[in-house]
Number of protein chains: 2
Amino acid sequence: MFEVLNQLRNGVDSEQLYRTLDTIKTDPALGVFQFRARNRWFGGAHNRSTIEGFYGAGQEDSSRLRTFELDAGEPAVLLGADTGANPVEHLLHALAACLTTSLVYIASARGVMLTFVESTLEGDMDVRGSLGLSDEVRNGFEHIRVSFRVSGDAPAEQLREIVERAQARSAVFDMITNGVPVQVGFAAV
Amino acid sequence: MFEVLNQLRNGVDSEQLYRTLDTIKTDPALGVFQFRARNRWFGGAHNRSTIEGFYGAGQEDSSRLRTFELDAGEPAVLLGADTGANPVEHLLHALAACLTTSLVYIASARGVMLTFVESTLEGDMDVRGSLGLSDEVRNGFEHIRVSFRVSGDAPAEQLREIVERAQARSAVFDMITNGVPVQVGFAAV
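Each value, and the rule that gives it
Along each chain, numbering runs from 1 in the same order as the chain's sequence is written. Chains carry letters from A onward and ligands carry numbers from 1 onward, assigned in written order. Only residues with pLDDT of 70 or above have their local features reported here, since the model is predicted, and side-chain atom pairs are shown and tallied only from 80 upward, although totals for entire chains, interfaces and linings are computed over all residues. Calculated side-chain values reflect all of the structure's heavy atoms, with hydrogen atoms and water omitted. Here the aromatic set is Phe, Tyr and Trp, taking the six-membered ring for Trp, and pairing holds for ring centres within 6.5 Å; pairs whose planes are under 30 degrees apart are stacked, those over 60 apart are edge-to-face, and all others are tilted. Put simply, DSSP marks the helices as runs of H or I at least four residues long and the strands as runs of E at least two long, and each gets a number from the N terminus on. Relative accessibility under 20% of the residue-type maximum defines a buried residue, over 50% an exposed one, and the middle range a partly exposed one, all with a 1.4 Å probe and only protein chains included. Placement of a charge over a ring requires the Lys NZ or Arg CZ to be within 6 Å of the ring centre, with the centre-to-atom vector within 35 degrees of the ring normal. Each copy is superposed on the other by least squares, with the fit set by C-alpha atoms of residues at a pLDDT of at least 70 in both. Residue contacts are counted whenever heavy atoms from the two residues lie within 4.5 Å of one another. The quantity reported as buried area is the accessible area (1.4 Å probe) lost by two parts once they are put together, taken as the sum for both. What makes a salt bridge here is a side-chain nitrogen of Lys or Arg within 4 Å of a carboxyl oxygen of Asp or Glu, nothing more. pLDDT is a per-residue confidence score from the predictor, ranging from 0 to 100. Charge assignment: positive for Lys and Arg, negative for Asp and Glu; neither His nor the chain ends contribute. Throughout this description, a polar contact denotes any pair of N or O atoms lying within 3.5 Å of each other; where both atoms belong to protein, one of them has to be capable of donating a hydrogen while the other can accept it, and for residues adjacent in sequence the pair is counted only when both atoms sit in side chains. If DSSP finds at least two bridges between two strands, the strands pair.

### Observations regarding the packing of aromatic side chains
- Within this structure, the stated rule accounts for six aromatic pairs over all chains.
- Here A:Phe33 and A:Phe54 contribute two aromatic rings whose centre-to-centre distance is 6.2 Å and whose plane-to-plane angle is 10°, an arrangement assigned as stacked. Here A:Phe33 is found in strand 1 (residues 32–41), whereas its partner A:Phe54 is found in strand 3 (residues 54–56), with 21 residues between them in sequence.
- On the accessibility criterion, A:Phe33 (2% relative accessible area) is buried.
- Here the basic side chain of B:Arg48 rests over the ring of B:Phe42, its NZ or CZ set 4.7 Å away from the ring centre.

Written as structure tokens, this is what we have:
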């Protein structure tokens, strides 16, 4: 019973976690992943991404049993019909999700049992940038604030250190803070 | 009839679009927005963001009739149970959604009727970074490729120019290519 509890620490199979780390350490080619999305416009500010396949661990994935569909929109004040969270809100979600998953996996690897993880995020922007009304303000957020509230069976200092380690390893935190080259192609159809 | 069609060009109320641009040009303080998300952990790689309120156009928004909930997860090979698209896939969606909305609004402002907009996105990463197995690869995507397929009542060159203008004005494209300062706070609860 203890072993089972231990194996599913924080809902993460820690045996599988160690095995995965060892496997990729032994064969670094298994660490190469490609993630994908396909997006289709439905009128106005409404568009939808479909997410399914990816490549990783040496093969095209076939384990996913369902496709994820994500709708985007804009509120009325930004000329939309609220068909979904807007693109910058989706970016905040991506950041929150990645920091949280990193934090949970790191805690699991360290044997810390978490009981609660919540975060609130705020991003400030001057929409004159993206609306093309000013070249003096940037298009995106000027800054993003994230506040984590965490509890678990470790002292506050150790929980804080896990949150710091999550920042140091989160894929989305890296991309949003450091930037990524994006190449955009176009074809008229 | 022509006027109605014209006003709802591409599903965007172009009269409202011009009015919004004029209003913010006259009173730049109305361009100040704050977007937010709250994220809660549900075990393992499953967490959910709740998105509702925002500040913009001089007031706290009260127009949204519903809350958006976004679930994140990881596939089995990354120790999850596929409770949602993973965080980096959500980032690809945010990018696709923002470029597409920018493109549609720009086309509407220029009087171009679009009939089809689709994009595919790919992001390549070596997960040894985010798994803490290597300091020589970054945590996030090394690069992202976006491919747009667009049709409308304008020549290919004009459609291409609209896609380029969308890159120049998209909030998420700006953030992902240039980076944003992110401040992370922590409290033990």
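### Here we look at helix 5 (residues 171–178) of chain B
All names here are of chain B.
- Taken across its eight residues, helix 5 has six buried, putting it largely inside the fold.
- Where helix 5 is concerned, the buried positions are Ala171, Val172, Phe173, Asp174, Met175 and Ile176.
- Backbone geometry just downstream of helix 5 places glycine 179 in the positive-phi region, at approximately 80°.

### Some thoughts on the environment of A:Leu95
Residues and elements named next belong to chain A.
- Counting through the fold element by element, leucine 95 comes out in helix 3 (residues 87–109).
- The exposure class assigned to leucine 95 is buried, which follows from its relative accessible area of 0%.
- Considered as a pair, leucine 95 and glutamate 136 are 41 residues apart in the sequence and their alpha carbons are 26 Å apart.

### Concerning the relation of the copies chain B and chain A
- Note on the identical chains: chain B maps onto chain A by a rotation of 180° and an axial translation of 0.0 Å, with an RMSD of 0.0 Å. Those values place the two copies in the arrangement expected of a two-fold rotation axis. Minimal C-alpha distance to the rotation axis in chain B is attained by B:Gly179, lying at 2.1 Å.
- When the interface residues of chain B are mapped onto chain A, 99% of them are again interface residues, pointing to one common binding face.

### With respect to the interface of chain B and chain A
- In this assembly, 129 residues from chain B lie in contact with 128 residues from chain A.
- Taken over both partners, the interface formed by chain B and chain A buries close to 11,600 Å², and the fraction arising from carbon and sulfur atoms is 61%.
- Considering only the surface of chain B that becomes buried against chain A, B:Phe35, B:Trp41 and B:Phe186 emerge as the three largest contributors, covering 7% of it.
- Connecting chain B to chain A are 10 salt bridges.

### Digging into the confidence of the model for chain A
Residue and element names in this part refer to chain A.
- On average, residues of chain A carry a pLDDT of 95, and 96% of them reach 70 or more.
- Note that pLDDT drops below 50 for residues 1–5; the model gives that stretch zero contacts with residues more than four away or on any other chain.
- As scored by the predictor, the complex reaches a pTM of 0.96 and an ipTM of 0.96.

### Considering the side chain of B:Asp13
Residues and elements named next belong to chain B.
- Within the secondary structure layout, aspartate 13 lies in the loop between helix 1 (2–7) and helix 2 (14–26).
- For the buried aspartate 13, no salt bridge is present, and the opposite-charge side chain at shortest range is arginine 19, 5.2 Å distant.
- From its side chain, aspartate 13 meets the backbone nitrogen of glutamate 15 in a polar contact 3.1 Å long.

### So, the pairing of strand 7 (residues 143–152) of chain B
- As paired strands, strand 8 (residues 182–188) of chain A and strand 7 of chain B are joined by seven bridges and run parallel to one another. Residue pairing across strands places A:Phe186 opposite B:Phe148, the latter belonging to strand 7 of chain B.
- Note that strand 6 (residues 114–126) of chain B and strand 7 of chain B share 10 bridges and pair antiparallel. Pairing of B:Glu118 across the sheet is with B:Arg149, part of strand 7 of chain B.

### Overview of the pattern of salt bridges
- Applying the stated criterion to the full structure yields 26 salt bridges over all chains.
- In this structure, B:Arg110 and B:Glu161 form a salt bridge, with 2.5 Å as the shortest nitrogen-oxygen distance. Of this pair, B:Arg110 sits in the loop between helix 3 (87–109) and strand 6 while B:Glu161 is found in helix 4 (residues 156–169), placing the two residues 51 residues apart along the sequence.
- The exposure class of B:Arg110 is partly exposed, given its relative accessible area of 38%.
- For the salt bridge of B:Arg145 with B:Asp124, the shortest nitrogen-to-oxygen distance reads 3.0 Å. Of the two residues, B:Arg145 sits in strand 7 while B:Asp124 sits in strand 6, which places them 21 residues apart along the sequence.
- Where salt bridges share partners, they join A:Arg38, B:Glu118 and B:Arg149 into one cluster.

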